[in-house]
Amino acid sequence: MSDLLLLGLIGGLTLLLLLTLLAFAGYSGLLAGVSVSAGSPPIRNVTVAYKFHMGSYGETGRLFTESCSVSPNLRSIAVYYDNPHVMPPEKCRCAVGSILSEGEESPSPELIHLYQKFGFKVFSFPAPSHVVTATFPYTTTLSIWLATRRVHPALDTYIKERKLCAHPRLEIYQQDQIHFMCPLARQGDFYVPEVKEKERKCRGLAEASDAQLDGTGADTMSDTSSVSLEVNPGSRETSAATLSPGASSRGWDEGDTRSEHSYSESGASGSSFEELDLENEGPLGEPRLDPETEPLGATKWPWEPNTLEKGKE
């Protein structure tokens, strides 16, 4: 009899534990719906203190911890420049930090000095007229894990179906919600100087390589002196001649913002976001852009590109 009582007690505790875990997951957003829309951004122009990171996105937790340790009351922000499903983890780039001020407000010199003291840099992001955006509950640390696995695929589907050029990807941790934002215009203004500097260096390498080509277009460089280019995004001044289809990261110019490894490659080519139903107008309430101001370039790759799509490219 005592054995049956013990087994019943163990079974009851196990069931209670499972119910507790399910309740915790539900509270963290497991059952929350993900709604993606196009409209005004969830934040205005902001000044941020950030640290640049190249490597696996799974290693960025320490950067969030560092920025929150400096000033716990500020909102956290992250900008992801590469698609981790196609870019090698060690080459993925992002910027992580805190929002120092928003809108017309200027950050205090003391706050800027404090962040700079701990190795952060200061940069400003504009408020684009329209973005692709989504939100997810932010109630526990599990919410972050759930959000990355539920929201990003939804963003990919939305961007691909409407053939939009929407990049990079921003996460804003604001009170009890995580705001996901992909600019549809002014994308170049969201690339921090470290990314732009790498792009300029690689463009210089490409120009030097082009100088070695003979009049027939054959490469006169030897096997031992060949240059392996890694084209990075950043400046909108990049020439199309410097971009190769097999580049390992993103670069763009006035006519093309595409690279198979970047977040700008989540859809197909040529669609203006004038065709969108711009739901959920944000605090800015700005009008639609004219066709002349639509974002340049196009997107090619979904979150997990399939073989058929790659063959078409």
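Structure report, in brief. The structure displayed is predicted, hence computed values, not measured ones.

## Some points on the overall build of the chain
Point 1. Looking only at helices and strands, the chain features six helices and eight strands.
Point 2. Each helix and strand of the chain, ordered N terminal to C terminal, gives the series α-β-β-α-β-β-α-β-β-α-β-β-α-α.
Point 3. Within the chain, buried positions represent 47% of all 313 residues.
Point 4. If you take every contact in the chain between residues at least 6 apart in sequence, the share linking residues at least 24 apart comes to 72%.
Point 5. Roughly 15700 Å² of accessible area belongs to the chain as shown, and the carbon and sulfur atoms make up 55% of that amount.

## Considering helix H2 (residues 61-70)
Point 1. Within H2, burial applies to Leu63, Phe64, Ser67 and Val70. The buried residues of H2 occupy an angular sector of 130° when projected down its axis, which confines them to one face.
Point 2. Tucked into the core, H2 has its buried residues touching strand E2 (46-54), strand E3 (76-80), strand E4 (93-102), helix H3 (109-117) and strand E7 (169-174).

## Concerning the pattern of salt bridges
Point 1. Counting across every chain of the model gives nine salt bridges.
Point 2. Measuring nitrogen to oxygen at the nearest pair gives 3.9 Å for the salt bridge that ties Glu102 to Arg44. Note that Glu102 is positioned in strand E4 and Arg44 in the loop between strand E1 (37-39) and E2, a separation of 58 residues in sequence.
Point 3. On the accessibility criterion, Glu102 (15% relative accessible area) is buried.
Point 4. A salt bridge links Glu66 to Lys51, with the shortest nitrogen-to-oxygen separation between them at 2.4 Å. On the criterion of sequence distance, the pair formed by Glu66 in helix H2 and Lys51 in strand E2 is long-range, its members being 15 residues apart.
Point 5. Overlapping salt bridges, with partners in common, bring together Arg44, Arg75 and Glu102 in one network.

## What about the packing of helix H1 (residues 2-28) against helix H4 (residues 141-161)?
Point 1. In contact at an axis separation of 8 Å, H1 and H4 are set at 70° when each is read in the N-to-C sense. In terms of orientation, H1 and H4 fall into the roughly perpendicular class. Here H1 and H4 pass one another in a crossing that is right-handed. Facing H1, whose interface residues are Phe24, Ala25 and Ser28, H4 presents Leu142, Ser143 and Leu146.
Point 2. Of the residues that constitute the contact of H1 with H4, the class distribution is four nonpolar, two polar and no charged.

## Some details on the side chain of His167
Point 1. Turning to its location among the elements, His167 is positioned in the loop between H4 and E7.
Point 2. Side chain to side chain, His167 and Tyr191 meet in a polar contact 2.9 Å long.

## Re the packing of aromatic side chains
Point 1. Under the criterion given, the structure shown has seven aromatic pairs.
Point 2. Ring plane angle 65° and centroid distance 4.7 Å describe the contact between Tyr57 and Tyr80, whose orientation is recorded as edge-to-face. Separated by 23 residues along the polypeptide, Tyr57 in the loop between E2 and H2 and Tyr80 in strand E3 bring together distant segments of the chain. The burial state of Tyr57 is the same as that of Tyr80; both residues are buried.
Point 3. Taken together, a centroid distance of 5.6 Å and an interplanar angle of 70° make the contact between Phe123 and Phe125 edge-to-face.
Point 4. Residue classification places Phe123 among the buried positions, given a relative accessible area of 18%.
Point 5. With relative accessibility at 3%, the residue Phe125 sits in the buried group.
Point 6. In this arrangement the basic side chain of Lys51 is found over the ring face of Phe120, its NZ or CZ atom lying 4.8 Å from the centre.
Point 7. Taking the ring centre of Tyr158 as reference, the NZ or CZ of Arg162 above it sits at 3.7 Å.

## What about the sheet that holds E3?
Point 1. In space, the eight strands of this open sheet follow the order E1-E6-E8-E7-E3-E4-E2-E5, with antiparallel pairing throughout. The open sheet has two free edges, formed respectively by E1 and strand E5 (121-125), since each of these has just one partner strand. Recorded for the sheet is a direction-independent mean angle of 30° between the axes of neighbouring strands.
Point 2. Pairing geometry for E2 and E5, over five bridges, is antiparallel. Looking at the pairing, Val48 lines up with Phe123 of E5.
Point 3. The sheet contacts of H3 involve E2, E4 and E5, and relative to E4 the element is tilted by about 155°.
Point 4. Packing against the sheet, H4 makes contact with E1, strand E6 (131-137), E7 and strand E8 (177-183), and its axis sits at approximately 150° to E6.

Rules of the game
- Residues numbered from 1 in each chain as written.
- Predicted model: local features only at pLDDT ≥ 70, side-chain atom pairs only at ≥ 80, totals over all residues.
- Heavy atoms only, no water.
- Helix = DSSP H or I, 4+ residues; strand = E, 2+ residues; numbered from the N terminus.
- Buried < 20%, exposed > 50% of the residue type's maximum accessible area, 1.4 Å probe, protein only.
- Contact = heavy atoms within 4.5 Å.
- Areas by Shrake-Rupley, 256 points an atom, 1.4 Å probe, with all protein chains shown as cover.
- Arc of directions from axis to C-beta.
- Salt bridge = Lys/Arg side-chain N within 4 Å of Asp/Glu carboxyl O.
- Axes fitted to C-alpha atoms, helices over the stretch in contact; angles between N-to-C directions.
- Parallel < 35°, antiparallel > 145°, perpendicular 65-115°, else oblique.
- Left-handed = near helix turned anticlockwise from the far one by under 90°.
- Nonpolar A, V, L, I, M, F, W, Y, C, P; charged D, E, K, R; others polar.
- Polar contact = N/O pair within 3.5 Å; in protein donor to acceptor, adjacent residues only side chain to side chain.
- Phe/Tyr/Trp six-rings, centres within 6.5 Å; stacked < 30°, edge-to-face > 60°.
- Lys NZ or Arg CZ within 6 Å of the ring centre and 35° of its normal.
- Pairing = 2+ DSSP bridges.

Geometric descriptors of this kind do not, in isolation, establish any biological role.
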